[in-house]
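Listed below are the residues making up each chain.
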Amino acid sequence: DPGKLAPVVQRVVDTWRAHQDNQYLDVHGQVSPRRGALQIVFCDLGTPKPGDTQVYGKLRRQMIAAGIPADEIRFVHDAQTDAAKAALFAECRGGRVAVLFGSTEKLGLGTNVQHRCVAIHHVDAPWRPADVEQRTGRAIRPGNQNTCVDVVRYVREGSFDAYMWQTLERKARFISQVMRGDRSLRETEGIGESTLSYTEVKALATGNPLLMEH
């Protein structure tokens, strides 16, 4: 597969196998009878539709073929009401969901599923720097019982990914300068820690080692 779907599936499946025997505490502080960690896959490319022609459907089908139980792979889009979302998130905390798919918008504020979350997968780049932090914040927050969380960004060399990460870099640099509040500045002196990360990913996506070195 020349695209990025195969690497996404492989990484998710490898992480699932490595953590499927993890033990976690329930809401009462007791060891839960259900084992296994949770992974969140963010993708703003399309929405789930009947069949396997969309990105969501292709990823789910390949993960099932690789061994992840079908009933443990869920789309947040299937929860149409607040009550349905609350039930889905409770299943994520209880160990009944191994992989949760969603978009930046639908898995934003109010998504309280960090307890077992061991990995965040960015299949694509969102449009705003704050969205990147919002996605990662679904796992890296108080209440997560894992000591480490993998944050994985998938980029394809020679694709539109380079433009998207470059846009995030430019926006993050501008926001950083504005937030400093110094109106005498006429140019930026550098870029912050989070912006540097965007720059690195952009350089990787372009496939130019000299850009990474610069």
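You'll find the structure just up there.
Residues numbered from 1 in each chain as written. Predicted model: local features only at pLDDT ≥ 70, side-chain atom pairs only at ≥ 80, totals over all residues. Heavy atoms only, no water.

Caption draft 1: Geometry of the pairing of strand β4 (residues 117-122). Across the six residues that make up β4, a large majority, six, are buried. Alignment of strand β1 (residues 38-42) against β4, held across five bridges, turns out to be parallel. Bridge pairing in β4 places Val41 opposite His121. By the bridge criterion, four bridges tie β4 to strand β5 (residues 150-153) in an arrangement that is parallel. By the bridge assignment for β5, His121 is matched with Val152. One crossover worth recording links β4 to the parallel β5 by way of helix α4 (residues 129-136), and it is right-handed. (Buried < 20%, exposed > 50% of the residue type's maximum accessible area, 1.4 Å probe, protein only. Helix = DSSP H or I, 4+ residues; strand = E, 2+ residues; numbered from the N terminus. Pairing = 2+ DSSP bridges. Right-handed = clockwise from strand over helix to strand, strands pointing away.)

Caption draft 2: Up close: helix α5 (residues 161-180). Here α5 is 20 residues long and its end C-alpha atoms lie 29 Å apart, about the 28 Å a rise of 1.5 Å per residue gives. Every buried residue of α5 is accounted for by Asp161, Ala162, Met164, Trp165, Thr167, Leu168, Glu169 and Ala172. (Expected span 1.5 Å × (residues − 1).)

Caption draft 3: Structural view of the packing of aromatic side chains. In the structure shown here, the tally under the stated rule is three aromatic pairs. With centroids separated by 5.5 Å and ring planes inclined at 85°, the aromatic side chains of Tyr56 and Phe75 adopt a geometry described as edge-to-face. Linking Tyr56 in helix α2 (residues 55-65) with Phe75 in strand β2 (residues 73-75), this pair joins segments that are 19 residues apart in sequence. For the residue pair Tyr56 and Phe75, the accessibility class agrees, reading buried in each case. On the basis of an interplanar angle of 75° and a centroid distance of 5.4 Å, the ring pair of Phe75 and Phe101 is categorised as edge-to-face. (Phe/Tyr/Trp six-rings, centres within 6.5 Å; stacked < 30°, edge-to-face > 60°.)

Caption draft 4: Examining the nonpolar core more closely. Residues Val8, Val12, Leu59, Met63, Ile68, Val99 and Phe101 are the most contacted members of the largest nonpolar core, which totals 20 residues. Secondary structure elements with two or more residues in this core: α1 (5-19), α2, β2 and β3 (99-102). For this core, the leading source of residues is α1, giving six residues. In this structure, Met63 is in contact with Val8, Val9, Val12, Val13, Ile68, Ile73, Val99 and Phe101, ignoring residues within four places of it in sequence. Cys92, Leu100, Val113 and Cys117 belong to the second largest nonpolar core, which has 15 residues in total. (Core = buried A, V, L, I, M, F, W, Y, C linked by side-chain atoms within 4.5 Å. Contact = heavy atoms within 4.5 Å.)

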